[in-house]
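Each chain, written out:
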Amino acid sequence: MKNYYKLIFAPLLVAMIGVSLSSCRKYLDAAPATAISNEEAFKNFRNFQGFTEELYNAVPIISGSTAHNSWNFGEDELWQTNDNRLVAYRIDQGDFFGIYNSVFGSWFNTGGNANNNVRGDKGALYGLAWYGIRKANIGLASLDKLVDATPEEKKLIEGQLYFFRGWFHFMLAQYWGGLPYIDVVLPADQAPRIPRLNYHQTADKIAVDLRKAADLLPLDWDQIPAGAATKGNNDRRINKIMALGFLGKNLLWAGSPLMNEESTGVNAYNADYCKKAADVFAEALKICEATNRYRLVPFSNYTEISLTFAKAGLIPGAPIVNGERYVEAIFQENPLENTRFASNQINDYRPQTIRPTGLKVYPTANYISYYGMKNGRPIPNPSQPQLDPQSGWDPQYPWKDRDPRFYHDIMFDGEKAVNNAANVGNNEFRQYASLFTGGHMRTFDGATAAFTGYMLSKYINKLNNNWDGFAGNNNVVVFSFLRLADMYLMYAEAASEGYNSPQGKAPDYSKTAVDAVNFVRDRPGLGVGHVAPEYTVSQDKFREELRRERAVELAYEGHRFVDLRRWKLVDKFPYTLKTAVQFDRVTPNAQVYADPKNARVANFRETVLLERKFTSRHYWFPFPTSDVNIYEGFRQNPGW
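So, here is what we can say about the structure in this document. Here the structure is a predicted model, which is why all the values come from computation and not from measurement. (Residues numbered from 1 in each chain as written. Predicted model: local features only at pLDDT ≥ 70, side-chain atom pairs only at ≥ 80, totals over all residues. Heavy atoms only, no water.)

**Brief notes about the overall build of the protein chain**
Stage number 1. Check the secondary structure of the protein chain and you find 21 helices and 12 strands.
Stage number 2. Projected onto its principal axes, the C-alpha positions of the protein chain cover 75 × 55 × 55 Å.
Stage number 3. Long-range contacts, defined here as pairs at least 24 residues apart, represent 71% of the contacts in the protein chain between residues at least 6 apart.
Stage number 4. Of the roughly 21500 Å² that the protein chain leaves accessible, carbon and sulfur atoms contribute 49%.
Stage number 5. Across the protein chain, 71 positive and 68 negative side-chain charges occur, with their mean positions spaced 2 Å apart. (Helix = DSSP H or I, 4+ residues; strand = E, 2+ residues; numbered from the N terminus. Contact = heavy atoms within 4.5 Å. Areas by Shrake-Rupley, 256 points an atom, 1.4 Å probe, with all protein chains shown as cover. Lys, Arg positive; Asp, Glu negative; His and termini not counted. Charge placed at Lys NZ, Arg CZ, Asp CG, Glu CD.)

Spelled out as structure tokens, the structure:
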């Protein structure tokens, strides 16, 4: 099935009570349509599920809502710095109001219409979230009208509605902070007066909704009678693990330094929230391990967690490996328009010398430094490069014996980038990555050259841009708001912070925080060494290594910006820097191309390309000015 969020129960009912919106104001003012009576709309499971299905359609797109989209706003990548149409450029400049009016790349916009299939409208988290909250409240207020349904079917409807109400509030809160928690159907003819809560108060209400959802929903719709009509196409339907996963995430976020400080004034982890998060994650992970409902994808198919290539539009996240299906993607973005990487978006990851169109974006050298060695050890600070006896990293051989995820995610100097040399004039510096200082890809068309010294390959095939009549439609990129490896790493963080030890663990679960990190590194076929002993002797050292592991495992999937913010690091050195790598080739070119991993370089160093001038106000997005003017209790975030 190409689009898992298409309505499949009762398409006619989708618009009967739904309300379109382009901002919080429109959400608050909207009145439901009345084309079909409430009694008819909600009388049986089929009809009510038709109404509920539209909530899936309100899940936003993050990876392709516009022609040149961006979703990594940490220190992880740098777009060309001469185009203010890009939301990434606006954020780098500290212009967070720019998320509302950038031409390219913002999935936070105030617009959004769950009733249509316009890609841009599906990239509008702010509008779609308020829309989804209202729709969930309408559904919850109408449960008494569901008279023709089994007890199981009633639980399914109620569980989905509670999930989406909590989830949409959570998605807003992690960027904007504490909210007015809307848990009633607001009358369209009255101005709202719901006070804005602090983050902990908001998280507590989210937790109630998600806990209800977890208790009501099944593990797998395919295994229950109510899911029989859509058997085989139920992976994206809300289930117990999704609800538990976001419940744990909500509690961990509430326990993080930024959110704790917003609520209590204390810039530190809140152990109570972290303990609750660890216990919830443990509950979910135990179920996964006992049932294999979700499991880590073997590294041989690691790409297919978020990308499928030349597979006839197959949605990634659940590859078949040796006849077995491995579902790692727990809850994904809206996969509307699977071919959205076919045009401009696919041009953005290779320099003009290969793809002579598009805006350009490259991974930063500072972020590449998080990718450690195959033995599991981090590399030393490359701003002061020197041989490191413990890890084995050598600045003369900087690509040697690295974490396999480095070779998967990143293109570095000397790697083959074009299949057919004739298509690039038989120019070796265009056929192979010429990323050394002064290399062709580093100098051709300066504004859009490969200015950081690296290129990305995590969701763009290394030989994708080959001028061989490539059809970008073969690329399908769908990211996960939650996947299993992420949940193990969140458990590790919650357990260590909640129980104040790298050996901390939830009482009813066997894995410690360290065990959970090592479990991710033990992904079949990955073969990365375990956390080194010196990183397990203190909270500070373990925290450092755990955060590095999150940076590597979840690289370029849109998590880093939230992580830096919730850890209170986004305005701290060195996280404000975006750097390039500089080096000279020593190994002859032909040998470099034959074995780029073992190529020798000289004068390896980093140079600063951009320093972000963030302050305390940049920890939260500003609300649209029109929304905070609706009523006095809806206050703006500090500094905006």
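**Some points on the side chain of serine 70**
Stage number 1. By secondary structure assignment, the location of serine 70 is in the loop between helix 3 (45-57) and strand 1 (77-79).
Stage number 2. Of the residues examined, serine 70 reaches a relative accessible area of 0% and is grouped as buried.
Stage number 3. Setting aside residues up to four positions removed in sequence, serine 70 forms contacts with Trp79, Val87, Ala88, Gly105 and Trp107. (Buried < 20%, exposed > 50% of the residue type's maximum accessible area, 1.4 Å probe, protein only.)

**Quick look at the environment of alanine 602**
Stage number 1. In this structure, alanine 602 sits in strand 12 (residues 601-611).
Stage number 2. Excluding its chain neighbours within four sequence positions, the residues that come into contact with alanine 602 are Phe583, Asp584 and Val586.

**With respect to the nonpolar core**
Stage number 1. Ranked by size, the top nonpolar core spans 168 residues in total, and within it Trp107, Phe163, Trp176, Phe331, Tyr454, Tyr459 and Tyr491 carry the most contacts.
Stage number 2. Looking at this core, the element that brings in the most residues is helix 6 (residues 151-176), giving 14 residues.
Stage number 3. Those residues in contact with phenylalanine 331 that sit more than four places away from it in its chain are Val59, Phe163, Phe164, Trp167, Ile238, Met242, Phe246, Ser480, Phe481 and Leu482.
Stage number 4. Ranked by size, the runner-up nonpolar core spans 14 residues in total, among them Leu78, Ile354, Ala417 and Met441. (Core = buried A, V, L, I, M, F, W, Y, C linked by side-chain atoms within 4.5 Å.)

**A few points about the layout of surface pockets**
Picture a little ball the size of a water molecule; that probe, rolled over the atoms, points out where space is still empty.
Stage number 1. By volume, the largest pocket is sized at about 830 Å³.
Stage number 2. Surrounding the largest pocket, 33 residues form its lining, Ser369, Tyr370, Asn381, Pro574 and Tyr575 being those nearest its centre.
Stage number 3. Mapped onto the lining of the largest pocket, the elements with two or more residues apiece are helix 18 (539-553), strand 11 (577-585) and strand 12.
Stage number 4. By residue number, the principal contributor to the lining of the largest pocket is helix 18, which donates 6 residues. (1 Å grid on protein atoms, 1.4 Å probe; cavity = no way out; pocket = protein on both sides within 12 Å on 5 of 7 lines; lining within 4 Å. Points joined across faces, edges and corners; volume = space filled by probe spheres on them.)

**Overview of the packing of helix 3 against helix 5 (residues 125-141)**
Stage number 1. Remark: helix 3 packs on helix 5, axes separated minimally by 9 Å, with the N-to-C direction vectors making an angle of 160°. By the angle between their directions, the pair helix 3 and helix 5 is classed as roughly antiparallel. Crossing geometry of helix 3 relative to helix 5 is assigned as left-handed. Of helix 5, the residues touching helix 3 (which contributes Phe48, Phe51, Glu54 and Leu55) are Tyr131, Gly132, Lys135, Ala136, Ile138 and Gly139.
Stage number 2. For the contact of helix 3 with helix 5, the per-class residue count stands at 6 nonpolar, 2 polar and 2 charged. (Axes fitted to C-alpha atoms, helices over the stretch in contact; angles between N-to-C directions. Parallel < 35°, antiparallel > 145°, perpendicular 65-115°, else oblique. Left-handed = near helix turned anticlockwise from the far one by under 90°. Nonpolar A, V, L, I, M, F, W, Y, C, P; charged D, E, K, R; others polar.)

**Some remarks on the packing of aromatic side chains**
Stage number 1. Under the criterion given, the structure shown has 55 aromatic pairs.
Stage number 2. Judged by centre distance (5.1 Å) and plane angle (65°), the ring pair of tryptophan 167 and phenylalanine 331 falls under edge-to-face. Within this pair, whereas tryptophan 167 is found in helix 6, its partner phenylalanine 331 is found in strand 5 (residues 329-332), the two being separated by 164 residues in sequence. Each member of the pair, tryptophan 167 as well as phenylalanine 331, carries the same accessibility label: buried.
Stage number 3. Arranged with centres 5.0 Å apart and planes meeting at 40°, the rings of phenylalanine 299 and tyrosine 302 form a pair that is tilted. Here phenylalanine 299 matches tyrosine 302 in class, with each residue buried. (Phe/Tyr/Trp six-rings, centres within 6.5 Å; stacked < 30°, edge-to-face > 60°.)

**What to know about empty space enclosed by the protein**
Stage number 1. Considering all chains together, one arrives at 10 cavities of 30 Å³ or more under this definition.
Stage number 2. Roughly 170 Å³ of volume is contained in the largest cavity.
Stage number 3. The greatest single-element share of the lining of the largest cavity, amounting to 3 residues, is contributed by helix 6.
Stage number 4. In terms of residue class, the lining of the largest cavity is built from 8 nonpolar, 4 polar and 4 charged.

**Some remarks on helix 6**
Stage number 1. Spanning 26 residues, helix 6 covers 38 Å between terminal C-alpha atoms, matching the ideal 38 Å at 1.5 Å per step.
Stage number 2. In terms of burial, helix 6 is largely enclosed, as 21 of its 26 residues are buried. (Expected span 1.5 Å × (residues − 1).)

**A few points about the packing of helix 5 against helix 6**
Stage number 1. The N-to-C vectors of helix 5 and helix 6 enclose an angle of 150°; their axes lie 9 Å apart at closest approach. Considering the angle they form, helix 5 stands roughly antiparallel to helix 6. Pair helix 5 / helix 6 crosses with left-handed handedness. Contact residues: Leu125, Tyr126, Leu128, Ala129, Trp130, Gly132, Ile133, Ala136, Asn137, Gly139 and Leu140 in helix 5; Glu158, Leu161, Tyr162, Arg165, Phe168, His169, Met171, Leu172, Tyr175 and Trp176 in helix 6.
Stage number 2. Per-class residue counts for the contact of helix 5 with helix 6 are 15 nonpolar, 4 polar and 2 charged.

**A short note on the pairing of strand 11**
Stage number 1. Taken across its 9 residues, strand 11 has 8 buried, putting it largely inside the fold.
Stage number 2. Sheet topology places strand 11 next to strand 12; 8 bridges connect them, and they run antiparallel. Bridged to aspartate 584 within strand 12 is alanine 602. (Pairing = 2+ DSSP bridges.)

**Some points on the side chain of glutamate 497**
Stage number 1. For glutamate 497, the position within the fold is in helix 16 (residues 484-498).
Stage number 2. Side chain to side chain, glutamate 497 and arginine 543 meet in a polar contact 2.7 Å long.
Stage number 3. Excluding its chain neighbours within four sequence positions, the residues that come into contact with glutamate 497 are Tyr269, Ala271, Cys274, Gln539 and Arg543. (Polar contact = N/O pair within 3.5 Å; in protein donor to acceptor, adjacent residues only side chain to side chain.)

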